[in-house]
Amino acid sequence: MRRLAFAALLPLAACAPEPGRQAQICAIQALPARPGVDAFGTSPDIEQAAQTQGDVYGPGVLPGGGIAWWGRCPKQADTTDMILIGPGPWALTKGGQRANGRPLGYGTCYHRDDGQGWQTVACRINP
C-alpha cells in the first residue's frame, strides 16, 4: 500500500519547486496577510511587472498554463489562490474568500524581501 501511495505522489514531487524557491514560497505563505480580506498600506506600483515577469505558483499544476505547483508548506493563508514572485525583491499573493466555490471578494497582498526576510507591505481589495 505504501508503494502505491509513493508512486501516486512521485509525479507531484517532480513538479515541486527547487528547494531554495520552495523555502521562499513557504516563507511568503506563512505571512499572516490574507488576500481579499486584509486592506492596509499603500500598494506599490509593481502589479504589471509581477504579472509579466514574475514566476507564478498555485495549488495545482496546469501543464502549459504557466502556473507551477507551489509545493507543500506547513502554513498558508486560507484565501491565497496564487503567488507571483518577482521581479526583484517582490512577491504578490492573490485570492479571496469563497462560499460554495463562488468568490465573495478578491484582492492582492504585496510582500518584499528586505534581506532580513519577507514582510507584507500592503494589501488591497479589488473593487
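As a reminder, the structure under discussion sits directly above these lines.
Please read these numbers as outputs of a predicted model, since none were measured by experiment.

About the thresholds
Residues numbered from 1 in each chain as written. Predicted model: local features only at pLDDT ≥ 70, side-chain atom pairs only at ≥ 80, totals over all residues. Heavy atoms only, no water. Helix = DSSP H or I, 4+ residues; strand = E, 2+ residues; numbered from the N terminus. Buried < 20%, exposed > 50% of the residue type's maximum accessible area, 1.4 Å probe, protein only. Contact = heavy atoms within 4.5 Å. 1 Å grid on protein atoms, 1.4 Å probe; cavity = no way out; pocket = protein on both sides within 12 Å on 5 of 7 lines; lining within 4 Å. Points joined across faces, edges and corners; volume = space filled by probe spheres on them. Nonpolar A, V, L, I, M, F, W, Y, C, P; charged D, E, K, R; others polar.

### Description of the side chain of Q29
Alright, step 1. Structurally, Q29 can be placed in helix α2 (residues 19-29).
Alright, step 2. Residue Q29 is classed as buried on the basis of its relative accessible area, which comes to 2%.
Alright, step 3. What Q29 contacts, discounting residues up to four positions off in sequence, is W70, C73, K75, Q76, A77, T80 and I83.

### Considering unusual backbone geometry
Trans peptide bonds make up most of the peptide bonds, and negative phi angles are found at most residues other than glycine.
Alright, step 1. Cis geometry marks the peptide bond from G86 to P87, where omega comes out at 0°.
Alright, step 2. The residue P87 is located in the loop between β3 (80-85) and β4 (90-95) in this model.

### Observations concerning empty space enclosed by the protein
Alright, step 1. By the definition in use, this model includes 1 cavity of 30 Å³ or more.
Alright, step 2. The calculated volume of the largest cavity comes to roughly 40 Å³.
Alright, step 3. For the largest cavity, the full set of lining residues is I28, Q29, L31, A33, P35, A77, T80, T93 and H111.
Alright, step 4. Grouping the amino acids of the lining of the largest cavity by side-chain chemistry returns 5 nonpolar, 4 polar and no charged.

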